[in-house]
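One-letter residues, chain by chain:
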Amino acid sequence: MSTLPFLPFTRPSIDEETIAAVGEVLRSGWITTGPRCRELEAALSARYGGRPVRLVNSATAALEMALQLCGIGPGDEVITCPLSWVATGNVILQVGATPVFVDADPATRNIDLGAVEAAITRHTRAIMPVDLAGLPVDRDLLYRIASQHGLRVIEDAAQSMGAHWAGREIGSFGDLVSISFHANKNMTTTEGGCLVMNTDAEAALFEKLRLQGVVRHADGTMDVDVLGGKSNLTDVAAAIGLGQLKRLDAFNARRHSLARRYFERFDRSLGCELPPADFTHSNWHMFQPLLPLDRMSITRGGFIDAMKARGIGVGVHYPAMHRFKLFRDLGFRDGQFPVAERIGDRIVTLPLFPAMEDSDVDRVCDAVRAVLEPALR
Ligand SMILES: Cc1ncc(COP(=O)(O)O)c(C=O)c1O
């Protein structure tokens, strides 16, 4: 239908300098964890005011090991929101703990902090908030609740690299902060992630957890005193991350400008609910309207197919996870978290990535109108 090139909902921007840096690593003879990883960890730590930062091969691994750092396991409860990538819930189950879901706030689409205290029991050990689409959860209120109840906070900041709260960058303050460098994120290492920690002791334990529990002594001997896994990042990936980190602020500025254009150009008469127009805190990881499903003669799948026929990729991030079979089998049920369910059923991710032109936003808005207008009842 469209003669223009396909516009995906996201696409990484990797420059020639970064591609050359990857080539250099590949030619160097040392391609796994090494100097490039240490360089990226140091650069991230400098960005976060000197806090210890360690890399891993996914944010899922970072979250799971963050739970382990807190000593969270069977019998413990972790409070989070069901409106997230399923990784957030899976890691709680992986360590043998119990996820306790709190519904989303319809305004922010993040965890409803006003409902968190009612979910705290004597088994609660941590809150794991998620900054959906890169819009940070209110850190003042979050940390007030956590400190009043003596809880750890594991920030699932997978999507909020470069976002801010009260003038401070996410990662530069707080308790444990997990960030993703998956290919879709605002900066990427292809796959990868990191955990920002509080102390060198936490970082030392994290290093063991990410690589078989091994500790190497100065005399060349080694020991293993905890059970660790295999989650280290490679220097090939870190070389990409170093190239991306240099451009992150420019990427995020471009995302802001494209998001502003969406607000200018989006036809409000179609009845979609636009995301919060936040240009102070968010890193604009995604631009996600909610479809007016109750007024549409087509389904969300039909909308996505019709947009694809017009050369435009649309994603779904995410359905509310408590309705997945894994969680239903644990006793969660439909209707339990109505806000997360409503958003999860209607949400669509429209194209937003730094290499987009302003005219691409206009093209998306025109296509949304062309698909929705005739489908509205
Ligand atoms: C909210 C959230 N949490 C966790 C993750 C897991 O990140 P990774 O894919 O790096 O394991 C993602 C990735 O999409 C995410 O969006």
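Notes on the structure in this doc start here. (Residues numbered from 1 in each chain as written. Predicted model: local features only at pLDDT ≥ 70, side-chain atom pairs only at ≥ 80, totals over all residues. Heavy atoms only, no water.)

**Details of the side chain of Ser178**
Inspection of the secondary structure puts Ser178 in strand β8 (residues 176-180). Among the residues examined, Ser178 registers a relative accessible area of 0% and is labelled buried. Beyond its immediate stretch of four places on either side in the chain, Ser178 contacts Ala59, Ala62, Leu63, Glu155, Asp156, Ala157, Ala158, Cys194 and Leu195. (Helix = DSSP H or I, 4+ residues; strand = E, 2+ residues; numbered from the N terminus. Buried < 20%, exposed > 50% of the residue type's maximum accessible area, 1.4 Å probe, protein only. Contact = heavy atoms within 4.5 Å.)

**Description of the site of the ligand**
The environment of the ligand is formed by 15 residues, the closest being Thr60, Asp156, Gln159, Ser180 and Lys185. A distance of 2.7 Å is found between an oxygen atom of the ligand and a side-chain nitrogen or oxygen belonging to Ser180. Across the complex, the protein chains shield 93% of the 390 Å² of accessible surface that the ligand would expose by itself. When contributions to the shell around the ligand are tallied by element, the ones reaching two or more residues are α3 (59-69) and α4 (87-94). Counted by class, the shell around the ligand contains six nonpolar, seven polar and two charged residues. (Near = heavy atom within 4 Å. Polar contact = N/O pair within 3.5 Å; in protein donor to acceptor, adjacent residues only side chain to side chain. Areas by Shrake-Rupley, 256 points an atom, 1.4 Å probe, with all protein chains shown as cover. Nonpolar A, V, L, I, M, F, W, Y, C, P; charged D, E, K, R; others polar.)

**Some thoughts on the sheet that holds strand β3 (residues 98-101)**
Read from one edge of the open sheet, seven strands run β1-β9-β8-β5-β4-β2-β3, paired in mixed fashion. On the outer flanks of this sheet lie β1 (53-56) and β3, each paired with one strand and no other. Sheet twist, expressed as the average angle between the axes of neighbouring strands with direction ignored, equals 25°. Pairing of β8 with strand β9 (residues 193-196), which is carried by four bridges, proceeds in the antiparallel orientation. Following the sheet pairing, Ser178 is matched in β9 by Leu195. The strands that helix α2 (residues 35-47) touches are β1 and β9; relative to β1, the one it contacts most, it runs at about 135°. (Pairing = 2+ DSSP bridges. Axes fitted to C-alpha atoms, helices over the stretch in contact; angles between N-to-C directions.)

**Comments concerning the pattern of salt bridges**
If you walk through the whole model with that rule in mind, you get 25 salt bridges. Across the pair Lys208 and Asp225 runs a salt bridge, and its minimum N-O distance is 2.8 Å. One end of the pair, Lys208, is in helix α6 (residues 200-210); the other, Asp225, is in the loop between β11 (222-224) and α7 (235-265), with 17 residues separating them in the sequence. Salt-bridge contacts for Arg346 lead to Asp294; the nearest nitrogen and oxygen are separated by 2.9 Å. Here Arg346, found in helix α10 (residues 338-346), pairs with Asp294, found in the loop between α7 and α8 (300-309); they are 52 residues apart in sequence, far enough to count as distant. Owing to a relative accessible area of 11%, Arg346 belongs among the buried residues under this scheme. (Salt bridge = Lys/Arg side-chain N within 4 Å of Asp/Glu carboxyl O.)

**Focus: unusual backbone geometry**
Here the amide bond leading from His317 into Tyr318 is cis, since omega sits at 10°, within 30 degrees of zero. Residue Arg109 is not a glycine yet carries a positive backbone phi of 70°. Phi is positive for Ala166, which is not a glycine, with a value near 50°. Position of Ala166 relative to the elements: it lies in the loop between β6 (164-165) and β7 (168-169). Residue Ala166 is classed as exposed on the basis of its relative accessible area of 58%.

**What about empty space enclosed by the protein?**
Summed over the entire model, instances satisfying the criterion amount to two cavities of 30 Å³ or more. Of the pockets and cavities examined, the largest cavity occupies roughly 110 Å³. Leu132, Ala133, Leu135, Pro275 and Pro276 are, among the 13 residues lining the largest cavity, the residues nearest its centre. Tallied by class, residues from the lining of the largest cavity come to eight nonpolar, three polar and two charged. Considering only enclosed or pocket space, the second largest cavity measures out at about 70 Å³ in volume. Arg11, Pro12, Ser13, Lys185 and Asn186 are the residues nearest the centre of the second largest cavity, which is lined by 14 residues in total. By residue class, the composition of the lining of the second largest cavity is five nonpolar, six polar and three charged. (1 Å grid on protein atoms, 1.4 Å probe; cavity = no way out; pocket = protein on both sides within 12 Å on 5 of 7 lines; lining within 4 Å. Points joined across faces, edges and corners; volume = space filled by probe spheres on them.)

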